[in-house]
Amino acid sequence: MPELPEVETVARTLNALVAGKTIRAVTVRLPRIIQRPEEPEAFAAALEGRTIRSIGRRGKFLRFVLDGLVLVSHLRMEGRYSVCPADEPIEKHTHVLFHLTDGTDLRYKDVRQFGTMHLFRPGEEFEQPPLSKLGMEPLDDAFTVEALRKLLGGRKAPIKPLLLNQAYVTGLGNIYVDESLHKAGIHPERPASSLRAAEWTRLHASIRETLREAVDAGGSSVRSYVNGQGEMGMFQFRLYVYGREDEPCRTCGTPIVKTVLGGRGTHVCPVCQPYRKARGRRPAGKAPAAIPRRMAGDAGSAADVCPPHAPRHAPCI
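From a predicted model like this one, the values you see are computed outputs, not experimental measurements. The numbering scheme is per chain: residues are counted from 1 as the chain's sequence reads. pLDDT decides what is reported in this predicted model: residues at 70 or higher carry local features, side-chain atom pairs at 80 or more are listed and counted, and totals for whole chains, interfaces and linings draw on all residues regardless. Hydrogens and water are ignored here; the side-chain numbers use all heavy atoms of the structure.

Enquirer: I tried to follow the sheet that holds strand 6 (residues 80-85) on my own but got confused; where do I start?
Expert: Where strands meet in a sheet, backbone hydrogen bonds hold them as pairs that are either parallel or antiparallel. In space, the four strands of this open sheet follow the order 1-7-8-6, with antiparallel pairing throughout. Each edge of the sheet is formed by a strand with only one pairing partner; in this case those strands are strand 1 (23-28) and strand 6. Neighbour-to-neighbour, the strand axes of the sheet open up by a mean angle of 20 degrees, direction not taken into account. Two strands qualify as a pair provided DSSP detects at least 2 bridges between them. Here a helix means four or more residues in a row that DSSP labels H or I, a strand means two or more in a row labelled E, and each is numbered from the N terminus. Examined bridge by bridge, strand 1 and strand 7 (residues 94-100) share five bridges and lie antiparallel to one another. Residue pairing for strand 7: valine 26 is matched across the bridge by phenylalanine 98. Working rule for contacts: check all heavy atoms of both residues, and any pair within 4.5 Å makes them a contact. Angles here are taken between N-to-C directions and fall from 0 to 180 degrees, while the axes themselves are lines fitted to C-alpha atoms, restricted in helices to the stretch in contact. This element, helix 2 (residues 40-47), spans strand 1 and strand 7 of the sheet and lies at about 165 degrees to strand 1.

Enquirer: Got a minute to help me understand the packing of aromatic side chains in this structure?
Expert: Aromatic ring pairs: the centre-centre distance and the angle between the two ring planes describe each pair. Put simply, two rings from Phe, Tyr or Trp (the six-membered ring, in Trp's case) pair if the centres are within 6.5 Å, and we call them stacked under 30 degrees between planes, edge-to-face over 60, tilted for the rest. Taken as a whole and judged by the stated rule, the model has three aromatic pairs. Seen from their ring centres, tyrosine 81 and tyrosine 108 are 5.1 Å apart, and the 55 degrees between their planes marks the pair as tilted. Taken together, the residues span a long stretch of sequence, with tyrosine 81 in strand 6 and tyrosine 108 in strand 8 (residues 104-109) at a distance of 27 residues. Taken together, Phe64, Tyr81 and Tyr108 form an aromatic cluster joined through their ring pairs.

Enquirer: What exactly am I supposed to notice about the side chain of arginine 190 here?
Expert: Positionally, arginine 190 belongs in the loop between helix 5 (174-184) and helix 6 (197-216). With a 1.4 Å probe rolled over the protein chains alone, any residue whose accessible area is under 20% of its type maximum counts as buried; one over 50% counts as exposed, and the rest are partly exposed. Taking the relative accessible area as the measure of exposure, arginine 190 reaches 2% and is therefore buried. In terms of polar contacts, arginine 190 uses its side chain to reach the side chain of glutamate 199, at 2.9 Å. Not counting residues within four places of it along the chain, the set of residues in contact with arginine 190 comprises Ala157, Pro158, Ile159, Leu195, Glu199, Tyr275 and Arg276. Side-chain atoms alone can form a polar contact between residues adjacent in sequence; in general such a contact is a pair of N or O atoms within 3.5 Å, and within protein one must be able to donate a hydrogen while the other accepts it.

Enquirer: Whenever I open this one, the packing of helix 3 (residues 145-152) against helix 6 confuses me. Can you help?
Expert: When two helices pack together, their arrangement is given by the angle between the helix axes and the distance between those axes. In contact at an axis separation of 9 Å, helix 3 and helix 6 are set at 110 degrees when each is read in the N-to-C sense. Taken as axis vectors, helix 3 and helix 6 run roughly perpendicular relative to one another. Crossing of helix 3 over helix 6 shows right-handed handedness. Packed against helix 3, whose contacting residues are Val145, Leu148, Arg149 and Leu152, the element helix 6 presents Ala197, Trp200, Thr201, Leu203, His204 and Ile207 at the interface. Each residue gets one label: Ala, Val, Leu, Ile, Met, Phe, Trp, Tyr, Cys and Pro are nonpolar, Asp, Glu, Lys and Arg are charged, and the others, such as Gly, are polar. In terms of residue class, the contact of helix 3 with helix 6 is built from seven nonpolar, two polar and one charged. For classification purposes, an angle smaller than 35 degrees is called roughly parallel, one larger than 145 roughly antiparallel, one from 65 to 115 roughly perpendicular, and anything else oblique. Two helices cross in a left-handed way if the nearer one is turned anticlockwise from the farther one by less than a right angle. They cross in a right-handed way if the turn is clockwise.

Enquirer: For this particular structure, what's the right way to read helix 2?
Expert: Owing to its 3.6 residues per turn, the α-helix aligns residues three or four sequence positions apart on the same side. Every buried residue of helix 2 is listed here: Pro40, Phe43, Ala44 and Leu47. Across the axial projection of helix 2, the buried residues extend over an arc of 95 degrees, all falling on one side. Check the buried side of helix 2 and you find it contacts strand 1, strand 2 (34-36), strand 4 (61-66), strand 5 (69-74), strand 7 and strand 9 (116-120). Phi turns positive, to about 85 degrees, at glycine 49, one or two residues after helix 2. Arc, as used here, means the arc of the directions from the helix axis to the C-beta atoms.

Enquirer: Quick question: what am I supposed to make of unusual backbone geometry here?
Expert: The omega torsion of the bond from arginine 36 to proline 37 falls at -5 degrees, within 30 degrees of zero and hence cis. The peptide bond linking proline 129 to proline 130 adopts the cis configuration, its omega dihedral lying at 10 degrees. Position of proline 130 among the secondary structure elements: in the loop between strand 9 and helix 3. Positive phi, close to 50 degrees, is recorded for arginine 76, a residue that is not glycine. Locating arginine 76 in the fold gives a position in the loop between strand 5 and strand 6. Located in the positive-phi region is aspartate 246, a residue other than glycine, with phi close to 70 degrees. For aspartate 246, the location among the structural elements is in the loop between helix 6 and strand 10 (257-261). Given the relative accessible area of 59%, aspartate 246 is considered exposed.

As structure tokens, then:
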């Protein structure tokens, strides 16, 4: 599923492609994509003659701001938008077509057919599902170390599932949670309540730095993601743990371990992310507590156990 960096990239490219253009008509070929209003005919009629003013993002959702309406679109697993001449043949799995007055189409294609679209009056979209259920934006100024710690610090659940919960922090997914936890030197199975003040500071910085770098790189094209211009993201070449099972950690050379946590594939470096717990067994991917972990923002924290490598976020292709 596209995460915050991918959705942000799609929003930016679509802004460049369709902002200021007017919808002449709408064709809905798969009615279940349209969630509000219930009738696809009403959806199409409401959008006729509306000008697209801007495209933004909330969590993993796109917000198309039009004259007097807001369209909230969720790409889910495989959804993608493209802009093409209106007379271009329609590709398979294209489910919604926005016919623009300049002779082009904004087309929504979704192989898995899981995407959704909701129409709201301006402002109502934040008061009703799906956006009303979303938590803090990790790149907003309000997302501080203290806010993160207050939100999750009292919970005994493992830190990774809590970060994946969109009701707490929105926009994070499997890729960027794995990467952020690795950068912060925190094992994903650590109870949130066990994190110390310095670890919350590192985790907060790691989340924001990882997301910003991924946005700058256009996101990660791990499977099928492309932006609104059909271009791949490049952050997949900078991943340190996600999708790299049995490959050497780019920081210390230890093979990456893949486990399952909360039903999600989870990638860990046993040296950089040791699991420290006073009692009970250590989970898969454990490391002896005596081995110091690499700490975000502290280049020398693992120098005595890790050979020198490229900088943490240098492109590795």
